[in-house]
Amino acid sequence: MTEVMVVVAITGILLGLAAPSFADMLNRRRVQIVAETLSNDLAYARAEAGLGRNQNVNILFEQTPSMSCYTIHVAAVLGNCSCSRPVGAACTLTKFELRTVQVPSSMGVAMTVSEVDPPNQVSFIAPRMTSSTDGLAVSVAGVRGSTLQVRVNAMGRVSTCVPSGGNFNGVPAC
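Structural notes, computed from the coordinates. Values in this document were obtained by computation on a predicted structure and should not be read as measured data. (Residues numbered from 1 in each chain as written. Predicted model: local features only at pLDDT ≥ 70, side-chain atom pairs only at ≥ 80, totals over all residues. Heavy atoms only, no water.)

## Overview of the sheet that holds strand β7 (residues 136-142)
If you walk across this open sheet you meet the four strands as β4-β7-β8-β9, and the pairing is antiparallel. Of all strands in the sheet, those with a lone pairing partner are β4 (109-113) and β9 (158-161), marking the two edges. Put simply, the sheet's adjacent strands are angled 20° from each other on average, direction ignored. Pairing geometry for β7 and strand β8 (residues 147-152), over six bridges, is antiparallel. Across the sheet, the residue bridging to Val138 is Val150, located in β8. (Pairing = 2+ DSSP bridges. Helix = DSSP H or I, 4+ residues; strand = E, 2+ residues; numbered from the N terminus. Axes fitted to C-alpha atoms, helices over the stretch in contact; angles between N-to-C directions.)

## Here's the deal with the pairing of β8
Adjacent in sequence and paired antiparallel, β7 and β8 are bridged by four residues, among which Gly145 carries a positive phi angle near 100°. Note that β8 and β9 share four bridges and pair antiparallel. Across the sheet, residue Val152 finds its bridge partner in β9, namely Val158. Hairpin connection between β8 and β9: a loop of five residues separates the two successive antiparallel strands, and Gly156 in this loop has a positive phi of roughly 90°.

## Description of the packing of aromatic side chains
Scanning the model with the defined rule gives one aromatic pair in all. Where Phe61 meets Tyr70, the ring centres are 5.7 Å apart and the plane angle is 50°; that geometry is what we call tilted. Both residues of the pair, Phe61 and Tyr70, count as buried. Geometry around Tyr44 places Arg99 over its ring, the cationic atom sitting 4.2 Å from the centre. (Phe/Tyr/Trp six-rings, centres within 6.5 Å; stacked < 30°, edge-to-face > 60°. Buried < 20%, exposed > 50% of the residue type's maximum accessible area, 1.4 Å probe, protein only. Lys NZ or Arg CZ within 6 Å of the ring centre and 35° of its normal.)

## Some details on the environment of Ala89
Position of Ala89 relative to the elements: it lies in the loop between β2 (67-74) and β3 (96-104). A C-alpha to C-alpha distance of 9.1 Å links Ala89 and Thr100, two positions 11 residues apart in sequence.

Any functional reading would require information beyond the geometric quantities listed.
The structure is reproduced here in structure tokens:
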């Protein structure tokens, strides 16, 4: 019985030591998944602007206490979009929602957009597929310190990098 208690105690100590690194690994993976999804969606929006719809395509970012989100929509004169509305109902009147992504705060990941004009929005201009802003950067940060940055240059090309001080295998530094 004593031997079993010693084994249980040692197992408990090892699990206690492994739990923080496991939580870090999960958070890093969540940051990677959100950054990859955002990168793919920005490339999708760019392609829709030039190849699919031949119309300007906008991406609107928002951050609320309960989530970070973005909506990809086709530009129109009337209506507005808000990614905090339910998916599929993010846009009203004549604006057409292509995709909405919501990242709940409970996931431990948040997206923060660099200063762009208009605030929190970027457009891909048809038919050139170029970005309406030079230097859009969206930071995807986890609660445990992991951060990736998704960037769009003036030509509309999307890239992902690690800000200084970060370390993700296979991802270049910014």
